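Spelled out, the chains give:
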Amino acid sequence: MGLSEKYRPKQLSDLWQGLDHLAIRVVAGELQNNKLSGPTLFTAPYGGGKTTIARITAMRTTCLQPGNHPFEPCLSCKACRSILGVIASRPYFADPYGYSEIDCAKVSFDEVCRWVLSEAASPRMWSEDSAFNLNVVILDEFGRLTIPQQKKFLKLLEVSRCLCILCCADEDDLDPAIRQRCSIRPLGLPSAELCVKHVCDMAVAEGGTANQDAARWLSQRCGNNPREIIKVLGDALTLGAGNLDLTSAESALKLRSG
Ligand SMILES: Nc1ncnc2c1ncn2[C@@H]1O[C@H](COP(=O)(O)OP(=O)(O)OP(=O)(O)O)[C@@H](O)[C@H]1O
Ligand SMILES: [Mg+2]
Ligand SMILES: [Zn+2]
């Protein structure tokens, strides 16, 4: 498993933006109050954590032991473990606990519609303890649908009985009516300070050391983009025999820029 999958956040508190971030705070609050019911749209630049936060939200929604924490998924019940098992990005995934995801960039529009209709109707293995009794569908890369397709989808969104979670990198790709219909949760990118902290923590967790200046420089050169940072950090740790310093960071960045 690469570092990027190994360090994919499993709970809201693992996201580099932190629990203080406005979008994360509101999602945590909705999950805590069992109020998440309308369609939700996560936006962030590529590699900023859209698919990750969508899965965490869905995991809490279908979690069979929500009593373990006010808003985080338990990570140990069958439903949580099923979602944690979705590693590679595949066009479809569905489990018996009411979770499914579909990548709108990889399938036809008809398939997307059929998927949402059938998921809304499919029975789910309930638990009396489950906080939400909703099937959840993640529509990843929703902005890859054309505007006319999104307009058609809007009708489905209105009648669908499942919780639709949309992910989109660029809000400009969205039909205005879709934006209006959804609760928008812009994740953005973590601050430079938070990136530096997480880079240092990861280097140490990997058994190495980290120089703060090197971590700062690496984060800055990667535009504070977590996925970019993690890729370069992996190379830097390999090149630096476990150590992130200015030399290993520079070599890794050189590789990156080709
Ligand atoms: N906010 C974040 N906090 C911590 N790690 C992150 C974050 N965002 C991305 N990552 C890292 O990058 C990887 C990819 O994240 P993810 O797939 O959620 O991004 P995305 O926004 O959906 O990207 P894309 O636009 O390509 O679909 C994760 O496995 C994780 O390692
Ligand atoms: Mg994604
Ligand atoms: Zn659980």
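Every chain begins its residue count from 1, and numbering advances along the sequence as written. The naming scheme follows written order: chains are lettered A onward, ligands numbered 1 onward. Only residues with pLDDT of at least 70 get local features here, since the model is predicted, and only at 80 or more are side-chain atom pairs given and counted; chain-wide, interface and lining totals rely on the full set of residues.

J.: Can you help me understand the overall build of the chain in this one?
T.: Comment: elements are numbered from the N terminus, with helices defined as DSSP H or I runs of at least four residues and strands as E runs of at least two. Counting secondary structure elements, the chain contains 11 helices and eight strands. Since a compact globule built from 258 residues should have a radius of gyration of about 18 Å, the 19 Å found for the chain is in line with a globular shape. C-alpha atoms of the chain, sized along the principal axes, occupy 55 × 40 × 30 Å. Here the analysis covers contacts within the chain between residues at least 6 apart in sequence; of these, 68% occur between residues at least 24 apart. Taken over C-alpha atoms, the radius of gyration is set against a globule rule of 2.2 Å times the number of residues to the power 0.38. We call two residues in contact whenever the C-beta atoms placed from their backbones are within 7 Å.

J.: I'm lost on unusual backbone geometry in this one. Help?
T.: Glycine aside, negative phi is the norm for most residues, and most peptide bonds take the trans geometry. Of note in this structure, asparagine 224 is not a glycine but carries a positive phi near 55°. Locating asparagine 224 in the fold gives a position in the loop between helix 9 (212–221) and helix 10 (226–239). Any residue surrounded by 20 or more other C-beta atoms within 10 Å of its C-beta is treated as buried, while 12 or fewer makes it exposed and the intermediate range makes it partly exposed; C-beta atoms here are placed from the backbone. The exposure class assigned to asparagine 224 is buried, which follows from the 21 C-beta atoms found within 10 Å. Phi is positive for alanine 241, close to 50°, though the residue is something other than glycine. Note that alanine 241 resides in the loop between helix 10 and strand 8 (243–244).

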